[in-house]
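Observations on the model geometry
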Amino acid sequence: MRLPFLALAALPLLAGAPARAADAPTAPPPAPVTAPATTTAPGDDRPATQAEVKALAEEVRRLKLELSVPDVIQFGSYSGAGVGASKVHYQPKGLSIGGYGELVYSNLNEGRGAFAEVLRLVLYVGYRFNDWIVFNSEVEFEHGAREIGIEMAYFDFLLADALKIRVGNVLVPVGFLNENHEPIFFYGVYRPRVDRYVIPTTWNQLGGGLYGDVGPVRYKAYAIAGLDAFGVEPLEAGSWVRNARQGAIGAARTWAGVVNANVDVGPATFGGSLYFGNAGQGYVDATGQRLSPWVTLGEVHALVAWRGLTARGILALGSLSQSGEISRVLNLAPEQYIGSRAWGGYVEVGYDVLTLVDSSLSLSPFFRFEALNPQAAVATGGVLDPALDQRVYTVGIDFKPIPQVVVKADWQGISSKVPGLLYQWDLGVGFVY
């Protein structure tokens, strides 16, 4: 890489040339007392011509590229990722830094209290080595930095539009939000419950595979380390396999596969995914028996974005074999047994009313209905918990003064087969850069 001596020399000239051309100084500047006298060639103090300024500006731009400092920040979604996570794919070379954050306040009924917190602060760091090798990463600080984790760290090898290779700690391509979970993308202060307690968003595992575009179809196919049903955090009935996620570190004795496909039809997107794998990680119980529980999770989804209207729906179904053995290893009470089956889905619709007046701002009232049960069935010896068979109603409004910042407010009510209604009011601010 050439040393940017020319750029450093050019900056004073670029800054000073317009001023000298516009206004002649009333008095000459004082001469430096420590510098020796020099002979000035005739014409050296003339104002820079427009051609010289243009040439020097181009040289500065070229040297900034060599120094990996991008001139333009471009936002867009790359291969289903959020706009912040996609920044590295929209610059010609070098370092990319982005991120997002969420600040929330919630007030819950039934004496459950109120709280406020910095829910997430996330830093994206990527580097484009050349036109076909890209590194991307995401480091997340959650719950006031009490939890810190690496949510992705992978290399992309961009061989062709139809054939790209991704290797590292990857986001599992299941559902709407696992790959694109930035707060400007989804309605409401919190992510939908289906995307937290049936699909364990945010879900990342070590592995890799292929992805690309074949005609109108966008596909991904990965082999990744399996879940760990006997890991550090024990499974819970209310969140199904969520605590089996391993993230950037964990056992890799048993593996899994996931395939995903999406197709655009006008303003609509249709897609789905299927995950299947062994979650035992070689665990041997007290009797010497090796347990090999299998997790299968499939989902189908659809999204329509037309003018100011956004509507989406998803249905997810999952199964867990040997759920009874897992529950007994964890010494769970019958009503706390991990579900052998889980399911969930939602439909939501929102409309940006300011599109009616052609405003650059965005104001979107929305409604979402969810139905889910992470403990839809249990093995022999278990008892279904009626509180987990839930219906969730969320109504709210999102305001975006600019596309990268959103202010949110919503009301959420949760009903189940247990009498009574749990509800909460939420406020939040989200941003991406």
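None of these values were measured; they are calculated from a predicted model. (Residues numbered from 1 in each chain as written. Predicted model: local features only at pLDDT ≥ 70, side-chain atom pairs only at ≥ 80, totals over all residues. Heavy atoms only, no water.)

When its secondary structure is counted, the protein chain shows 4 helices and 16 strands. Across the 433 residues in the protein chain, those meeting the buried criterion constitute 45%. Of all intrachain contacts in the protein chain linking residues separated by at least 6 positions in sequence, the fraction that spans at least 24 positions is 61%. As displayed, the protein chain has an accessible area near 21300 Å², and 65% of this comes from carbon and sulfur atoms. (Helix = DSSP H or I, 4+ residues; strand = E, 2+ residues; numbered from the N terminus. Buried < 20%, exposed > 50% of the residue type's maximum accessible area, 1.4 Å probe, protein only. Contact = heavy atoms within 4.5 Å. Areas by Shrake-Rupley, 256 points an atom, 1.4 Å probe, with all protein chains shown as cover.)

The next point concerns the pairing of strand 6 (residues 204-214). As paired strands, strand 5 (residues 163-171) and strand 6 are joined by 8 bridges and run antiparallel to one another. Within strand 6, the position partnered with arginine 166 by the bridge is glycine 209. Judged from the 8 bridges that link them, strand 6 and strand 7 (residues 217-225) form a sheet pairing that is antiparallel. Counted as the bridge partner of leucine 210 is alanine 221 from strand 7. Connecting strand 6 to the antiparallel partner strand 7 that follows it, the hairpin turn spans 2 residues, and glycine 215 within it adopts a positive phi of roughly 60°. (Pairing = 2+ DSSP bridges.)

Take the pattern of salt bridges next. For the structure shown, the criterion picks out 11 salt bridges. Here glutamate 348 ties to arginine 312 by a salt bridge, and the two come within 2.7 Å at their closest N and O atoms. Taken together, the residues glutamate 348 in strand 12 (residues 341-351) and arginine 312 in strand 11 (residues 309-320) connect sequence positions 36 residues apart. The class of glutamate 348 is buried, set by a relative accessible area of 5%. Taking relative accessible area as the criterion, arginine 312 reaches 6% and is therefore assigned buried. (Salt bridge = Lys/Arg side-chain N within 4 Å of Asp/Glu carboxyl O.)

A few words now on the side chain of glutamate 140. Checked against the element boundaries, glutamate 140 lands in strand 3 (residues 133-142). A polar contact is formed between the side chain of glutamate 140 and the side chain of tyrosine 100, at a distance of 3.4 Å. Looking at glutamate 140, its side chain comes within polar contact range of the side chain of arginine 120, at 3.3 Å. Not counting residues up to four positions away in its chain, the partners in contact with glutamate 140 are Tyr100, Arg120, Leu121, Val122, Glu147, Ile148, Gly149 and Glu151. (Polar contact = N/O pair within 3.5 Å; in protein donor to acceptor, adjacent residues only side chain to side chain.)

Enumeration according to the criterion identifies 12 aromatic pairs in this entry. For the pair tryptophan 132 and phenylalanine 157, a centre-to-centre distance of 6.3 Å together with 50° between the ring planes defines the contact as tilted. Remark: phenylalanine 157 occurs in strand 4 (residues 147-160) and tryptophan 132 occurs in the loop between strand 2 (114-128) and strand 3; sequence separation between them is 25 residues. For phenylalanine 157, a relative accessible area of 26% corresponds to the partly exposed category. Three or more aromatic residues joined by ring pairs make a cluster, and in this case those are Tyr127, Phe129, Trp132, Phe135, Phe155 and Phe157. (Phe/Tyr/Trp six-rings, centres within 6.5 Å; stacked < 30°, edge-to-face > 60°.)

The subject of this paragraph is a nonpolar patch on the surface. Taken together, the side chains of Leu103, Val118, Leu121, Phe141, Ile148, Val407 and Val429 present a nonpolar region at the surface, about 540 Å² in accessible area. Its place among the elements puts isoleucine 148 in strand 4. (Patch = residues over 30% accessible without salt bridge, like charges linked within 9 Å, V, L, I, M, F, W, Y side chains within 5 Å.)

Core analysis: the biggest nonpolar cluster contains 49 residues, and Ile224, Leu227, Trp240, Tyr275, Val295 and Leu297 have the highest contact counts within it. Setting aside chain neighbours within four positions, we find leucine 297 in contact with Val174, Val198, Ile199, Pro200, Trp203, Trp240, Ser273, Leu274, Tyr275, Ala316, Leu317 and Gly318. Counting residues in hydrophobic clusters, the runner-up holds 5 residues, among them Tyr78, Val88, Val134 and Tyr211. (Core = buried A, V, L, I, M, F, W, Y, C linked by side-chain atoms within 4.5 Å.)

Examined against the element boundaries, tyrosine 124 turns out to sit in strand 2. Along the primary structure tyrosine 124 and isoleucine 97 are separated by 27 residues, whereas in three dimensions their C-alpha atoms are 5.6 Å apart. Within the structure, the side chain of tyrosine 124 is placed 2.9 Å from the side chain of glutamate 182, a separation counted as a polar contact.

Here the focus is unusual backbone geometry. For residues that are not glycine, phi is negative in most cases, and the peptide bond is trans in most cases. Residue threonine 202 follows threonine 201 across a cis peptide bond; omega there is -5°. Tracing the chain through its elements places threonine 202 in the loop between helix 3 (194-197) and strand 6. Despite not being glycine, alanine 145 has its phi angle at roughly 70°, a positive value. By secondary structure assignment, the location of alanine 145 is in the loop between strand 3 and strand 4. Assessed through its relative accessible area of 42%, alanine 145 is described here as partly exposed.

The pLDDT averaged across the protein chain works out to 88; a share of 85% of its residues lies at or above 70. Contacts of residues 1-43 to residues separated by more than four positions or lying in other chains number 23 contacts, the stretch itself having pLDDT below 50. The model gives residues 65-73 a pLDDT under 50, and that stretch makes 16 contacts with residues more than four places away or in other chains. (pLDDT = per-residue confidence, 0-100.)

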